[in-house]
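# Structural description and commentary
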Amino acid sequence: MSEALPGVGASLPYSVKSAVTLARSGAWLARTRGRPDLSGLRILLYHRVSDDDDPLALAPCRFRDQMAHLAAEGYRVVDLVSALEVLRAGPVPSRTIGMTFDDGFADVAAEALPVLERHGFRATVFITTGVTDGRVAFPWYERQPAVLGWDEVVELDRQGTLRFEAHTVSHPSLLAVDDDAAADEIRGSRRELEARLGRPVSAFAYPAGLYGERERRFVAQAGYAAAVSCEPGVNLPGGDPFALRRRQIDSRDRLVDFKAKVGGGHDSPLPLRGAYRRLRYGKPESARV
Ligand SMILES: [Zn+2]
């Protein structure tokens, strides 16, 4: 991955992150004996489902185990727009989880979709329209893995298990571009996606989860109903729909980490992440709303 802009929010070096994650999961397990916190709604964030050696790729066997766990525990797994409806309706029914994939990689259809279908789960895929049609490439790959093309996106969206929403045109850090560019990225991806899908597009994902008050405002002005960040935590009715929280599932997460993330044991950022993020991206005043 290049230093320019990873596909996800800045994070600690991998081995450190993995060890801290496991320690937190252990603390959660000891504290709760594995009983999940059933308040509010948590939204999970994935990128790829593949055996490739890529920090964004979760092994298919791990994904299958995770989904089997949710099914066995009676979770209802919904896409982002449905999650928004759940939040608007008032108290969240317990064991409801939002499922999202960022960037639109082809392995999501190949590896994740059959698993989701088997369990009757649904998910939102946030796609970068310029990458979808090959005008631009993600900057952090030397050799970019295949992404879904427009024909597949349109067909899959119609089938309904995967629903596609917007993730800018070229995946910039929105904090690093000027007003016109930021507005174009946010507005343009919605317009392009709506033209392709022939339906309203109402949700947006900030690239790498980076946004500030300006980006939030542009998203609202562009006509979206909701936007997701990469800030972990639980979403409650009455919260800001343009700052929805998501918990990323990492490729090194063990099943206990997954259970802890779903159960509320990882609702706050890892220690030191804020400092690391400021070091890497600067703009501490605007990196968070
Ligand atoms: Zn992304």
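Quick note: structure is the one above.
So, here's what we can say about the structure. Given the structure is predicted, the values throughout are model-derived calculations rather than measurements. (Residues numbered from 1 in each chain as written. Predicted model: local features only at pLDDT ≥ 70, side-chain atom pairs only at ≥ 80, totals over all residues. Heavy atoms only, no water.)

### A closer look at the nonpolar core
In a soluble, globular protein the nonpolar side chains are often hidden away together inside. How we decide: Nonpolar core, defined: a set of buried Ala, Val, Leu, Ile, Met, Phe, Trp, Tyr and Cys residues in which side-chain atoms within 4.5 Å join the residues together. When a residue's accessible area, from a 1.4 Å probe over protein chains only, is under 20% of the maximum for its type it is buried; when over 50% it is exposed; and in between it is partly exposed. Secondary structure is summarised from DSSP: a helix means a run of H or I of at least four residues, a strand means a run of E of at least two, and numbering begins at the N terminus for each. Note on contacts: a residue pair is in contact if any heavy atoms of the two residues lie within 4.5 Å.
If you look at the biggest cluster of nonpolar residues, it comprises 50 residues, and the most contacted ones within it are Y46, F63, M67 and F101. Take this core: its biggest share by element is six residues, from helix α4 (residues 106–119). Setting aside chain neighbours within four positions, we find M67 in contact with Y46, M99, V115, L116, H119, F121 and F258. In this structure, V78, V86, L87 and V228 belong to the second largest nonpolar core, which totals 15 residues.

### Considerations on the environment of K17
By the secondary structure assignment, K17 is in helix α1 (residues 14–32). Given the relative accessible area of 11%, K17 is considered buried. Through-space distance from the C-alpha of K17 to that of R252 is 9.3 Å; in sequence the pair is 235 residues apart.

### Regarding the coordination of the zinc ion
Quick note on the threshold: Note that water is not among the atoms used; donors are N, O and S atoms within 2.8 Å of the metal (3.2 Å for Na, K and Ca), so sites may look incomplete.
At 2.1 Å from the zinc ion lie its protein donor atoms, namely D103 (OD), H167 (NE2) and H171 (NE2). One chain supplies every donor to the zinc ion, and in sequence these donors are spaced D-x63-H-x3-H. We classify H171 as buried; its relative accessible area is 2%.

### Regarding the packing of aromatic side chains
Our working definition: The aromatic pairing rule takes the rings of Phe, Tyr and Trp, using the six-membered ring of Trp, and pairs them if the centres are within 6.5 Å, calling planes under 30 degrees apart stacked, those over 60 edge-to-face and the rest tilted.
By the definition in use, this model includes ten aromatic pairs. Seen from their ring centres, F105 and F138 are 5.6 Å apart, and the 50° between their planes marks the pair as tilted. On the criterion of sequence distance, the pair formed by F105 in the loop between β5 (96–102) and α4 and F138 in the loop between α5 (129–132) and α6 (150–159) is long-range, its members being 33 residues apart. Note on accessibility: F105 and F138 belong to one class, buried. Residues F204 and Y224 carry aromatic rings whose centres are separated by 5.2 Å and whose planes lie at 50° to one another, so their mutual orientation is tilted. Of this pair, F204 sits in strand β8 (residues 203–205) while Y224 sits in the loop between α8 (213–221) and β9 (226–228); the two residues are 20 residues apart in sequence, bridging distant segments of the chain. A single burial state applies to F204 and to Y224, both of which are buried.

### A word on helix α7 (residues 179–197)
We apply this condition: Each helix should span, by expectation, one fewer than its residue count multiplied by 1.5 Å. As used in this structure description, the phrase polar contact means that two N or O atoms lie within 3.5 Å; if the pair is within protein, one of them must be able to donate a hydrogen and the other to accept it, and residues adjacent in sequence are counted only when both atoms belong to side chains.
With 19 residues, α7 should cover 27 Å at 1.5 Å per step; its first-to-last C-alpha distance of 27 Å lies within 8% of that length. Within α7, the full set of buried residues consists of A182, A183, E185, I186, G188, S189, R190, E192, L193 and L197. Those residues of α7 that are buried lie in contact with β6 (123–127), α5, α6, β7 (162–166), β8 and α8. Two to three positions downstream of the cap, the backbone nitrogen of D180 sits 3.2 Å from a side-chain oxygen, assigning the N-cap of α7 to D178. Once α7 finishes, G198 follows within two positions and takes phi at roughly 65°, a positive value.

### Focus: α4
A rise of 1.5 Å per residue sets the reference length of α4, with its 14 residues, at 20 Å; its end C-alpha atoms lie 20 Å apart and thus fit the reference within 8%. Every buried residue of α4 is accounted for by D107, V108, A109, A112, L113, V115 and L116. Buried residues along α4 sit in contact with β2 (48–49), α2 (60–72), β5, β6, α6 and β7. Downstream of α4 by one or two residues, G120 has phi in the positive range, about 70°.

### Some details on the pattern of salt bridges
What counts, and what does not: When a carboxyl oxygen of Asp or Glu lies within 4 Å of a side-chain nitrogen of Lys or Arg, that pair is called a salt bridge.
Going through the model one piece at a time under the given rule, you end up with 21 salt bridges. Linking D250 and K17 is a salt bridge whose minimum nitrogen-to-oxygen distance equals 3.5 Å. Within this pair, whereas D250 is found in the loop between β10 (247–248) and α9 (255–263), its partner K17 is found in helix α1, the two being separated by 233 residues in sequence. In this structure, D250 and K17 share a single accessibility class: buried. For R48, the salt bridge is made with D107, and the minimal N-O distance between the two is 2.8 Å. Here D107 lies in helix α4 and R48 lies in strand β2, a separation of 59 residues in the sequence. Neither residue differs from the other here; R48 and D107 are each classed as buried. When salt bridges with common partners are traced through the structure, they connect K17, D250, D253 and K261 into a single cluster.

Any functional reading would require information that these geometric values do not contain.
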